[in-house]
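Here is how the chains run, residue by residue.
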Amino acid sequence: MRGEKRFIEGNIAIVEGAIAAGARFYAGYPISPSSEIAEYSARLLPRVGGLYIQMEDEISSMAALLGASVAGKKAYTATSGPGVSLMQENLGLGIMSEIPAVIIDVQRSGPSTGAATKPAQGDLMQARWGAHGDHSIIALSPASVQECFDLTVCAFNLAEKYRTPVYLLADETIGHLRETVTIRELEPDEIVSRKQPAEDVGPEDFRPYRYDGIMPEAMPPFGSDRYLSRTTGSTHDEKGEFRPVPENIHRVTHYLTDKIEKNAEDICMTKGWYLDDAETAFITWGCATRSALGAMEQLRARGEKVGMLQLQTVWPMPEKEIRSVLSSVKTVVVPELNLGQAAGEIRKFNDYGCKVVQANRVDGILISPEQIIRVWKEAEQHGEL
Amino acid sequence: MKMQIVLSGVGGQGLVSTGEMIGEAASIHENVYATLAASYGSETRGTFTKSEVIVSDEPISYPNVDEPDIILCLAQVAYDRYIDTFHDKTMVFYDTELVRPSESARGVHVGYPFKQMGIEMGNAAVANTIALGVIAKRTNILKRSSLEASVSEYFAAKPKVIGINLQALNAGFSLD
Amino acid sequence: MANYKDYMLFEKLPHTWCAGCGHGIILQAIADAFAMQGLDKHDIALVSGIGCFGRVDDYLDINCMHVTHGRALPAATGIALANPELHVLVTMGDGDGATIGGNHLIHCARRNINLTAVIANNYNYGQTGGQYSGTTPAGSITATSPYGHVEPGFDICKLAEAAGAPFVARTTPYNPMQIRNLIKRGMQTRGFALIEVMDTCPTHYGRLNKFGDAGPMLEKLNNMTVPVEKASSMSGEELEGRIVTGVLTDRPREDYYTRYKRIIDRLSTEKGSVPSA
């Protein structure tokens, strides 16, 4: 496998990951701290026969992504929280219509314009719930430049496999961090291509949707010379035809959630450190992972039994892995650049009397290992549940 | 080995570039780990800026530098901001015409008129590369050949400035 | 010879539109425009938004993408760029195309994306009960302008023309042959084509403004029209309150994809594929 070692920032590695995964269409609207993704995509895409288009806003960007995807391209966009706010309308369309796409959110401090160039992790719930109606979502979050490459590839694969928009929740720290990374061409079996109808499915028999299980139907592109296809944001039946009757609304709503929640084991990725003997665990995602690693190294050097669980998949929450930690350690510390968005989710699984404490920082600066250690110490002494 | 480096000054002095050259030399030519966290703001010229670089033979966790082992200060505002973090062993490199060091400051101070030397060499913009040469020579963090390679690669798209930057790097290495 | 019926889903009829609404006439004209060109259904993509006219895809047996309110043009932009071989048709109402989607309309025209937009302009939001839109004329009574509308309406064709659209035309359901001919010409224009069909909504706009039933309303609409050839010799005063029909703009210019493809082709012949970041 040909790998090329480079010293680049996370935003650039994301573009490399997208191209390696087969993405050939980008539509977006520039916004800090994600703009390098747009700029580098504009440079790279036409070199591989792909297209870059800068739309008039994030609403149209998301719409164009879905259009390109329906016509057969792997498509992506990059933005930050304010842009995600605008993309939510057509994110919902992508979920209901089951159209693969990848949305990269390089999180910054908010709400609104906030501190536009400062890191934050405040979009976790926006990613989960930012579209009206019941739905589930897949979101991955990188904690290193290497993961920017690797998880972007995973994001495209999951988008194709589950026929749904997928988030990559990066942040300013990781997006602008430069570090050593291996960029490589992927082997064919590392790339998920869009499922096409089986040979024996005739044009008359083909249905663009299915609701009898937890996996989506095949998706031939518009322009296929064999199949006509139909997508719609209206509640529809297997033919893609509008069908707003109670039993259909019921099954479609359940299906859209089930296809993600019931496939959580396949979708959820985590990384663990020293969890075998840990008495305290840090459960982390995104940039705070780096701070927690620093804290863990310091504490391990002092002989403290500290371990870590990094959530590479943040939606759906890796419940099994989180429960395993909660049931085996005395204290869990959740460091985040928000006021406790992941911590609240982790507490939902805490049926084990584990002490779950938060280490939060929302001043636009990456949380430090020292702050995490301080929170841990307080919890050890007299922390509350 | 883990070296924490801060490159500080004001926007437009090429400090991110210097950080990238260190990072590339370390990660690509010396096969060790490196991170670079640069400060981002809407102002890119004339206001305080810093690049935090870590070079280590082990994977790097927390990428920010709170207490540098090595610091380059190309502006008074930068020096003043970091002075309290200096230890006795901190290597403090500064531009003698842009920074007035404090007499009470800790650390090993090494000063040269980097900007003026750049101007005499024909381009003030290479002051940072001269400083890089001095830093590498005094601290042995990276081999000269690695830096020469990373400088050449960094400016590959602008072949005209490779020469003067290599000259600047070597000028830095030749300073006592 | 292809027939318009080849492109229709007859089992979906009767359609959802009110008696006297012009949308059905436009639907048939769209299917007939495909037939006149003998298009393979697989090569057609229709993108529709939300509104009464957004339901047009329900009755067509082609590739259809039914999207959110106002976003049909950007979705179609993605399709047209991702597969430049497709004939992309976009069906919108005045709310969809020129009000909530007005920003997309001007940018799509400016970029010159290769697609054909058909806007059925019936001066109000029919599907939600007849509220005013961006094209409702001043003084009109609608569900949300019960005392008379205080805003002037957009001239969609002038808007598209000013934004750079290479082909702009207008017609009415009184003249179904003209609709299909103009849609066909629009589809044969490489680039952004807009066909505005001034439409009737007897249920809401017509009723509230006392235009009578569908018949008289269509008649009234037709009486307001002036063919563009005749309009060229009329004064501004004479054209006040009249609807100019026919091909208003026909000035081909290179479309977005053609221009972008040139960049792709140029880069593919250059040495060294990966630029450094």
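Residues numbered from 1 in each chain as written. Chains lettered and ligands numbered in written order. Predicted model: local features only at pLDDT ≥ 70, side-chain atom pairs only at ≥ 80, totals over all residues. Heavy atoms only, no water.

Each helix and strand counted, chain A has 13 helices and 15 strands in total. For 385 residues, the compact-globule estimate of 2.2 N^0.38 gives 21 Å, and chain A sits close to it at 21 Å. In terms of overall dimensions, chain A has C-alpha extents of about 70 × 45 × 45 Å along its principal axes. Out of the 385 residues belonging to chain A, those deemed buried represent 63%. Taking all contacts inside chain A whose residues are at least 6 apart in sequence as the whole, residues at least 24 apart take part in 78%. With the model as given, the accessible surface of chain A reaches about 13,400 Å², and the carbon-plus-sulfur share is 49%. Looking at charge distribution, chain A has the averaged site of its 40 positive side-chain charges lying 2 Å from that of its 53 negative ones. (Helix = DSSP H or I, 4+ residues; strand = E, 2+ residues; numbered from the N terminus. Rg over C-alpha atoms; globule rule 2.2 N^0.38 Å. Buried < 20%, exposed > 50% of the residue type's maximum accessible area, 1.4 Å probe, protein only. Contact = heavy atoms within 4.5 Å. Areas by Shrake-Rupley, 256 points an atom, 1.4 Å probe, with all protein chains shown as cover. Lys, Arg positive; Asp, Glu negative; His and termini not counted. Charge placed at Lys NZ, Arg CZ, Asp CG, Glu CD.)

A separate point is the sheet that holds strand β8 (residues 178-184) of chain A. Taken together, the eight strands give an open sheet; going across it, the order is β1(A)-β8(A)-β2(B)-β3(B)-β1(B)-β4(B)-β5(B)-β6(B), and neighbouring strands pair in mixed fashion. Looking at strand neighbours, the two that pair on one side only are β1 (3-9) of chain A together with β6 (108-112) of chain B, the edges of this open sheet. Each adjacent strand pair in this sheet contributes to an overall mean axis angle of 25°, direction not counted. For strand β2 (residues 33-38) of chain B and strand β3 (residues 48-56) of chain B, the ladder comprises six bridges, and the chain directions are antiparallel. Bridged to B:Leu36 within β3(B) is B:Val53. Against the sheet, helix α4 (residues 127-139) of chain B makes contact with β1 (2-10), β4 (70-73), β5 (91-95) and β6 of chain B, and its axis sits at roughly 155° relative to β5(B), the strand it touches most. (Pairing = 2+ DSSP bridges. Axes fitted to C-alpha atoms, helices over the stretch in contact; angles between N-to-C directions.)

Here we take up the interface of chain A and chain B. Counting residues at the interface gives 23 residues for chain A and 24 residues for chain B. Buried surface at the junction of chain A and chain B, both sides included, amounts to about 1,700 Å², of which 55% is carbon and sulfur. When residues of chain A are sorted by the area they lose upon contact with chain B, A:Lys5, A:Phe7 and A:Arg178 head the list and together hold 38% of the total. Taking the shortest distance from any N to any O, the salt bridge between B:Glu20 and A:Arg178 comes out at 3.1 Å. On the surface where chain A and chain B come into contact, there are nine residue pairs in polar contact (both at pLDDT 80 or more). Top contributing element to the side of chain A that touches chain B by residue count: helix α10 (residues 288-301) of chain A, with five residues. Each residue belonging to the side of chain A that touches chain B can be placed in one class, and the counts come to six nonpolar, six polar and eleven charged. Across two bridges, the pairing between β8(A) and β2(B) is antiparallel. Bridge pairing in β2(B) links A:Glu179 to B:Thr35. (Buried area = accessible area lost by both parts, 1.4 Å probe. Salt bridge = Lys/Arg side-chain N within 4 Å of Asp/Glu carboxyl O. Polar contact = N/O pair within 3.5 Å; in protein donor to acceptor, adjacent residues only side chain to side chain. Nonpolar A, V, L, I, M, F, W, Y, C, P; charged D, E, K, R; others polar.)

The next subject is the packing of aromatic side chains. Any two aromatic rings considered together are summarised by their centre-to-centre distance and by the angle between their planes. Residue and element names in this part refer to chain A. Evaluation of the coordinates by the stated rule reveals 16 aromatic pairs over all chains. Between Tyr26 and Tyr76, the aromatic rings sit 5.0 Å apart at their centres with planes inclined by 80°, giving edge-to-face as the arrangement. Here Tyr76 lies in strand β4 (residues 74-79) and Tyr26 lies in strand β2 (residues 23-28), a separation of 50 residues in the sequence. For Tyr76, a relative accessible area of 0% translates into the label buried. (Phe/Tyr/Trp six-rings, centres within 6.5 Å; stacked < 30°, edge-to-face > 60°.)

Residue A:Pro111 follows A:Gly110 across a cis peptide bond; omega there is 0°. Here A:Pro111 shows up in the loop between β5 (101-107) and α5 (124-129). Geometrically, the link from C:Leu13 to C:Pro14 is a cis peptide bond, its omega value of 5° lying close to zero. Locating C:Pro14 in the fold gives a position in the segment before α1 (23-37). Positive phi outside glycine occurs at A:Glu98, with the angle close to 55°. You can see A:Glu98 is positioned in the loop between α4 (81-97) and β5. Even without glycine at this site, A:Arg163 takes up a positive phi of about 50°. The residue A:Arg163 is located in the loop between α6 (145-162) and β7 (165-171) in this model.

This next bit is on helix α13 (residues 369-382) of chain A. If you check α13(A), its first and last C-alpha atoms are 20 Å apart, about what 14 residues at 1.5 Å a residue would give, namely 20 Å. Of the surrounding secondary structure, the elements contacted by the buried residues of α13(A) are β11 (280-284), α10, β14 (331-336) and β15 (355-360) of chain A. (Expected span 1.5 Å × (residues − 1).)

Moving on: the sheet that holds β2(A). Residue and element names in this part refer to chain A. The seven strands lie next to each other as β3-β2-β4-β5-β7-β6-β13, forming an open sheet whose pairing is mixed. Unpaired on one side and paired on the other, β3 (51-54) and β13 (313-315) mark the two borders of the sheet. Put simply, the sheet's adjacent strands are angled 25° from each other on average, direction ignored. In this structure, strand β6 (residues 138-140) lies alongside β13, joined through two bridges in antiparallel fashion. Within β13, the residue paired with Leu140 across the bridge is Thr313.

Moving on, we get to the domain arrangement of chain A. All names here are of chain A. According to the domain assignment, chain A contains domain 1 (3-190) and domain 2 (271-382). One C-alpha centre belongs to domain 1, the other to domain 2; they are set 26 Å apart. On the domain 2 side, the residues contacting the 27 residues of domain 1 number 23 residues. Counting the surface lost from both domain 1 and domain 2, the interface buries some 1,900 Å², and carbon and sulfur atoms represent 57% of this. The interface formed by domain 1 and domain 2 includes two salt bridges. One salt bridge connects Glu147 with Lys271, and the closest N-O pair in it is separated by 3.9 Å. Mapped by element, the contributors of at least two residues to the side of domain 1 that touches domain 2 are α5, β6, α6, β7 and α7 (172-176). Of the residues belonging to the side of domain 1 that touches domain 2, the class tally is 15 nonpolar, six polar and six charged. (Domains from an automatic or database assignment.)

Moving on to the packing of α4(B) against helix α6 (residues 159-174) of chain B. Residue and element names in this part refer to chain B. Closest axis-to-axis distance for the α4/α6 pair is 7 Å, and the angle between their directions is 40°. With respect to α6, the element α4 is oriented oblique. Along this stretch, α4 crosses α6, giving a crossing that reads as right-handed. Contacts between α4 and α6 involve Thr129, Ile130, Leu132, Gly133, Val134, Ala136 and Lys137 on the former and, on the latter, Asn165, Ala168, Leu169, Gly172, Phe173 and Ser174. Residue composition of the contact of α4 with α6, grouped by class: seven nonpolar, five polar and one charged. (Parallel < 35°, antiparallel > 145°, perpendicular 65-115°, else oblique. Left-handed = near helix turned anticlockwise from the far one by under 90°.)

In this structure, A:Tyr76 and A:Phe282 are the most contacted members of the largest nonpolar core, which totals 162 residues. Tallying contributions element by element places α6(A) first for this core, with ten residues. Residue-level mapping places this core at the junction of two domains, with at least three residues from each of domain 1 (3-190) and domain 2 (271-382) of chain A. Judged by nonpolar contacts, the second largest core, of 41 residues, contains B:Ile5, B:Phe93, B:Ile135 and B:Ala136. (Core = buried A, V, L, I, M, F, W, Y, C linked by side-chain atoms within 4.5 Å.)

A contiguous patch of negative charge on the surface is contributed by A:Glu199, A:Asp200, A:Glu204 and A:Asp205. We classify A:Asp205 as exposed; its relative accessible area is 56%. (Patch = residues over 30% accessible without salt bridge, like charges linked within 9 Å, V, L, I, M, F, W, Y side chains within 5 Å.)

All names here are of chain A. In contact at an axis separation of 7 Å, helix α1 (residues 10-20) and α6 are set at 35° when each is read in the N-to-C sense. Crossing geometry of α1 relative to α6 is assigned as right-handed. Contacts between α1 and α6 involve Gly10, Ala13, Ile14, Glu16, Gly17, Ala18 and Ala20 from the first element and Val145, Cys148, Phe149, Thr152, Val153 and Phe156 from the second. Class assignment for the residues of the contact of α1 with α6 results in nine nonpolar, three polar and one charged.

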